[in-house]
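Reading the structure
Spelled out from the first residue to the last, the chains are:
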Amino acid sequence: MSQPLATPVRPMTPGRWTAAAALALLLFMIGMESDAVFAVLTRGWQMLAGLLGLGDILAHWQQGTSHLVTTRSLPAMGTYSLFYIGCCLLLLQVLLRDTRRTRWALRLYLGLLALYVLLMVGGRLAGNAEWAFKLSRRIIDFIVSPLPVMMLVPLLWPGRWNGGSGSRKAV
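Residues numbered from 1 in each chain as written. Predicted model: local features only at pLDDT ≥ 70, side-chain atom pairs only at ≥ 80, totals over all residues. Heavy atoms only, no water.

With that settled, consider helix α6 (residues 130–143). Look at α6: 20 Å from first C-alpha to last across 14 residues, which is about the 20 Å you get at 1.5 Å a residue. Considering only its buried residues, α6 is in contact with α4 (74–96), α5 (99–125) and α7 (147–156). (Helix = DSSP H or I, 4+ residues; strand = E, 2+ residues; numbered from the N terminus. Expected span 1.5 Å × (residues − 1). Contact = heavy atoms within 4.5 Å.)

Put into structure tokens, the structure is as follows:
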């Protein structure tokens with residue numbers, strides 16, 4: 001017998017609402033000011049690569065990257081994406097108040113990231129397949145947006161599912 005998805009969770013306290021609002025505002029600001037954030041991250045990664053003597057390697061990686069994938073610095077894009085996804089997962093944990101539900105969201109993010117990597121590697125192995133790069137770009141644009149959070153909160157909201165019977169319960 002499977003364990004029911006609906007488990008008792010702590011109520012949403014004013015502190016949790018405040019934390020959720022702060023995280024949502026942070027995500028909004030990062031998204032709105034992404035050009036400035038990318039500029040800071042790019043400069044930081046260039047400085048770090050220069051200090052470590054890896055500037056030429058970084059430039060070579062960037063030069064070999066299709067414009068269909070990104071026109072930004074690869075380390076900056078990776079850092080931005082991981083930070084944004086981390087904030088989204090933290091926001092989901094604050095709102096859902098249940099580690100098991102957050103793990104479901106984490107699995108979704110990891111699955112989409114794995115699909116992204118497969119498309120990137122497959123596109124590269126297929127001789128820079130344009131369709132794979134375009135699709136991978138759409139996936140990463142989806143992941144690094146508020147859309148997954150907006151879809152997952154109502155889907156995984158505590159009390160949304162009744163026991164293990166699969167029937168819906170009124171919210």
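So much for the structure itself; the text now carries on.
All right, on to the packing of aromatic side chains then. Applying the stated rule across the entire model yields two aromatic pairs. The interplanar angle of 25 degrees and the centroid separation of 6.0 Å between the aromatic rings of Tyr-80 and Tyr-84 together place this pair among those described as stacked. Here Tyr-84 and Tyr-80 lie together in helix α4, a separation of four residues that amounts to about one turn. Taken as a pair, Tyr-80 and Tyr-84 share a single burial class, namely buried. One aromatic cluster is present, formed by Phe-38, Tyr-80 and Tyr-84 through successive ring pairs. Between the NZ or CZ atom of Arg-97 and the centre of the ring of Trp-157, over which it lies, the distance is 5.0 Å. Over the aromatic face of Trp-104 sits the side chain of Arg-107, whose NZ or CZ is 5.5 Å from the ring centroid. (Phe/Tyr/Trp six-rings, centres within 6.5 Å; stacked < 30°, edge-to-face > 60°. Buried < 20%, exposed > 50% of the residue type's maximum accessible area, 1.4 Å probe, protein only. Lys NZ or Arg CZ within 6 Å of the ring centre and 35° of its normal.)

The next subject is the confidence of the model for the protein chain. In this model, the protein chain carries a mean pLDDT of 83, and residues with pLDDT of at least 70 account for 81%. No element of the protein chain has a lower mean pLDDT than helix α3 (residues 55–63), at 69, and none a higher one than helix α1 (residues 14–32), at 95. pLDDT under 50 marks residues 162–171. Its contacts with residues more than four places away, or in other chains, come to 15 contacts. (pLDDT = per-residue confidence, 0-100.)

Tallied over the full model, the rule gives three salt bridges. Of the charged contacts in the structure, one is a salt bridge between Asp-98 and Arg-101, with a shortest N-O distance of 2.7 Å. In this structure, Asp-98 and Arg-101 share a single accessibility class: buried. The salt bridge involving Glu-130 is made with Lys-134; its shortest N-O contact spans 2.9 Å. Taken as a pair, Glu-130 and Lys-134 lie in helix α6 at a separation of four residues, close to a single helical turn. (Salt bridge = Lys/Arg side-chain N within 4 Å of Asp/Glu carboxyl O.)

Helix length check: helix α2 (residues 34–52) (19 residues) gives 26 Å between terminal C-alpha atoms against 27 Å at 1.5 Å per residue, within 8%. Buried within α2 are the following residues: Ser-34, Phe-38, Thr-42 and Ala-49. An end-on view of α2 places all buried positions within 70 degrees of arc, on one side of the element. Of the exposed residues in α2, those oriented more than 90 degrees away from the buried face are Val-40, Met-47 and Leu-51. (Arc of directions from axis to C-beta.)

It is worth spelling out the environment of Pro-154 at this point. Within the secondary structure layout, Pro-154 lies in helix α7. Under the relative-accessibility criterion, Pro-154 is labelled partly exposed at 43%. Between the C-alpha atoms of Pro-154 and Leu-96, which are 58 residues apart in sequence, the distance is 9.4 Å.

On to the side chain of Arg-101, then. Considering the arrangement of structural elements, one finds Arg-101 in helix α5. A distance of 2.7 Å separates the side chain of Arg-101 from the side chain of Asp-98, its partner in a polar contact. (Polar contact = N/O pair within 3.5 Å; in protein donor to acceptor, adjacent residues only side chain to side chain.)

One can describe the packing of α5 onto α7 by two numbers: an axis separation of 11 Å at closest approach and a directional angle of 145 degrees. Crossing geometry of α5 relative to α7 is assigned as right-handed. In this structure, α5 contributes Arg-101, Trp-104, Ala-105, Leu-108 and Tyr-109 to the contact, and α7 contributes Pro-148, Val-149, Leu-152 and Leu-156. Grouping the amino acids of the contact of α5 with α7 by side-chain chemistry returns eight nonpolar, no polar and one charged. (Axes fitted to C-alpha atoms, helices over the stretch in contact; angles between N-to-C directions. Left-handed = near helix turned anticlockwise from the far one by under 90°. Nonpolar A, V, L, I, M, F, W, Y, C, P; charged D, E, K, R; others polar.)

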